[in-house]
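# Architecture at a glance
Next come the chains, spelled out residue by residue.
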Amino acid sequence: MSVNPKELKYTREHEWALIEGNRAKVGITDFAQSHLGDIVYVDLPPLGKEVKKGETLLVVESVKTASDVYAPLSGKVIEINNALSKAPEKVNRDPYGEGWMVIMEIKDPKEAEELLNSEDYESYLSTIS
Amino acid sequence: MRIMLKRTPLYELHLKLGARMVPFAGWEMPVQYRGIVEEHLAVRQKAGLFDVSHMGEIRVKGPKALEFLQHMTTNDVSRLKVGQSQYSTVLNEEGGIKDDLIVGRLKEDEYFLVPNASNAEKIFAWFKEHEIPGAEITNESPLWGEIALQGPSSQEILQKVVPFDLNNLPYFHLTESQIERVPVIISRTGYTGEDGFEIFSPWDETPRVWEILMEEGKGLPLEPCGLGARNTLRLEMRYALHGNDIDETTNPIEAGLGWVVKLGKGDFIGREVLLKVKAEGPKRKLVGFELLEQGVPREHYKVLKDGEEVGMVTSGAYSPSLKKGIGLAYLRIEYHQPGTELEVQIREKLVRAQVVETPFWKSGTVGKIRAKEV
């Protein structure tokens, strides 16, 4: 299974980031959505929320459980995907597209170098699943 | 330390079906196959098949079996005719709930009890401690596998493989029978709110029963269902889950299970305490609530009224049928009335909620079966 787009960066906690300049679009990976099962609510952060890399950015509720989504990078939330409040199942259906969660303004571009590329993420997945 | 989990006779079949396995009550159980919502809705609309082989089975027989069970359980066992069963509780001396279970009368002097998986050993030991001559108690949990066939199409499916008319087996009745020569006990009960059957078969022959039922239900479809759907289905009916909503520190009256406590039937363990609770009135009550905003309540979340803590959530989930967050909570008695507005603390947010009448799901087919019965 190789559905993880090459242009994205990944964390071992199964978040992805699409980095363009000083902005990053953030969501969770296909592995994460499949593991969580039916997602019924995405508790999006308020605009302007500042987080450090690795801190809780938002919470995703599946039927089964509530799971923290961690910030893949430090920065400020400047946009949220409001469509998810009416249709959280988009995260299951299209985790890398319509299921995106927030756009962050990145504080420290160097942090991006610590993220995994798609190949590294996939080899990481093969060690845990 | 590595804790060894027990496996049901259907373990291999679950893996083949692509189930996600999780530890539950010491067992390795399927939590879902295709998805909790899909499985949940299959049971509400057609039918689902659950492996519940982890549940316990205890047989009590002999001339004093009735007398013994009257002392050990809260419901009135003397009301059971042969072939009937009842929901009941077993209490400790303080009136706390050791377990909730089904008591079925198989024969004149023989009863078949189904305690929860995590409590089966404890209940068996408790019974042995109070054993009286003339009541023989056997823990048959290792002998029986159990499959629950649940949903409005259950009768249609099961009818194809049993040698008797299922119309003669009303709700809360049980009988010994067979499915293609496999000896089984069939009970018309369940944990979903839909019509359905719980089928007990010898441990090693349980995979055969599963496969026969899956084959018969193929076109419907009949969906294999995991513990995830079992939990959301039972919660929509407000059926208590021991370990969450009830335990040894809660009594049946505050838990809303007063209907299975027959204080007038004679003495039983816990009766003295319950008489007192009843006379004084319970201080808290287990109620159903729904969220008025988005979010999902979970166990141990705080319930507040105007900023003051007034209770705690014991079970919570997203309801696939009602498409909102629902839950059960113990609330201070003054807040238990339906319509009472409260807040549930979900992480740092206070989410508005309202006490509602239960069951949450009111269109279950079980209601129709019950009406047919009398």
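Residues numbered from 1 in each chain as written. Chains lettered and ligands numbered in written order. Predicted model: local features only at pLDDT ≥ 70, side-chain atom pairs only at ≥ 80, totals over all residues. Heavy atoms only, no water.

### Notes on the overall build of chain A
Test applied: Secondary structure elements follow DSSP: runs of H or I of four or more residues count as helices, runs of E of two or more count as strands, with numbering from the N terminus. This radius of gyration counts C-alpha atoms alone. The globule rule is 2.2 Å times how many residues there are, raised to the power 0.38. Only protein chains enter the accessibility calculation, which uses a 1.4 Å probe. A residue is then buried if its area is under 20% of the maximum for its type, exposed if over 50%, and partly exposed in between. In this description, contact between two residues means that some pair of their heavy atoms is separated by no more than 4.5 Å. In these tables, accessible area is a Shrake-Rupley quantity obtained with a 1.4 Å probe, and a residue counts as shielded only by the protein chains included in the view. Positive charges are assigned to Lys and Arg, negative charges to Asp and Glu, while His and the chain termini are left out of the count. Throughout, a charge is located at the NZ atom of Lys, the CZ atom of Arg, the CG atom of Asp or the CD atom of Glu.
Within chain A, the secondary structure is distributed over 4 helices and 9 strands. Relative to the 2.2 N^0.38 estimate, which gives 14 Å for 129 residues, the radius of gyration of chain A is 13 Å and therefore close to what a compact globule would have. Classification of the 129 residues of chain A by burial places 52% in the buried group. Sequence separation of at least 24 residues holds for 61% of the intrachain contacts in chain A that already meet a minimum separation of 6. About 6,300 Å² of surface is accessible on chain A, with carbon and sulfur atoms providing 47% of the total. The distance from the centre of the 15 positive side-chain charges to the centre of the 23 negative ones in chain A is 3 Å.

### Some words on the environment of K25 of chain A
All names here are of chain A. Checked against the element boundaries, K25 lands in strand β3 (residues 23-28). Here the alpha-carbon distance between K25 and V77, two residues 52 residues apart in the chain, equals 9.8 Å. Discounting chain neighbours no more than four positions away, the residues touching K25 are W16, A17, L18, W100, V102 and I103.

### A few points about the domain arrangement of chain B
Residue and element names in this part refer to chain B. Here is the rule we go by: Reported domain spans reflect what an automatic or database domain assignment gives. Buried area: the accessible surface (1.4 Å probe) lost by two parts on joining, summed over both. A pair is scored as a salt bridge if a Lys or Arg side-chain nitrogen falls within 4 Å of a carboxyl oxygen belonging to Asp or Glu. Polar contact is defined as a pair of N or O atoms within 3.5 Å, subject to the rule that within protein one atom must be able to donate a hydrogen and the other to accept it, and that residues adjacent in sequence are counted only when both atoms are side-chain atoms.
Taken domain by domain, chain B comprises domain 1 (6-55 + 142-236), domain 2 (58-136) and domain 3 (283-374). For domain 1 versus domain 3, the separation of C-alpha centres amounts to 28 Å. Contact residues are listed per partner, giving 16 residues for domain 1 and 19 residues for domain 3. Of the roughly 1,600 Å² buried between domain 1 and domain 3, counting both surfaces, carbon and sulfur atoms make up 63%. Contact with domain 3 buries area across many residues of domain 1, yet Y171, L235 and E236 alone supply 46% of it, more than any other trio. Summed over the shared surface of domain 1 and domain 3, the result is 0 salt bridges. At the junction of domain 1 and domain 3, the tally comes to 12 residue pairs in polar contact (both at pLDDT 80 or more).

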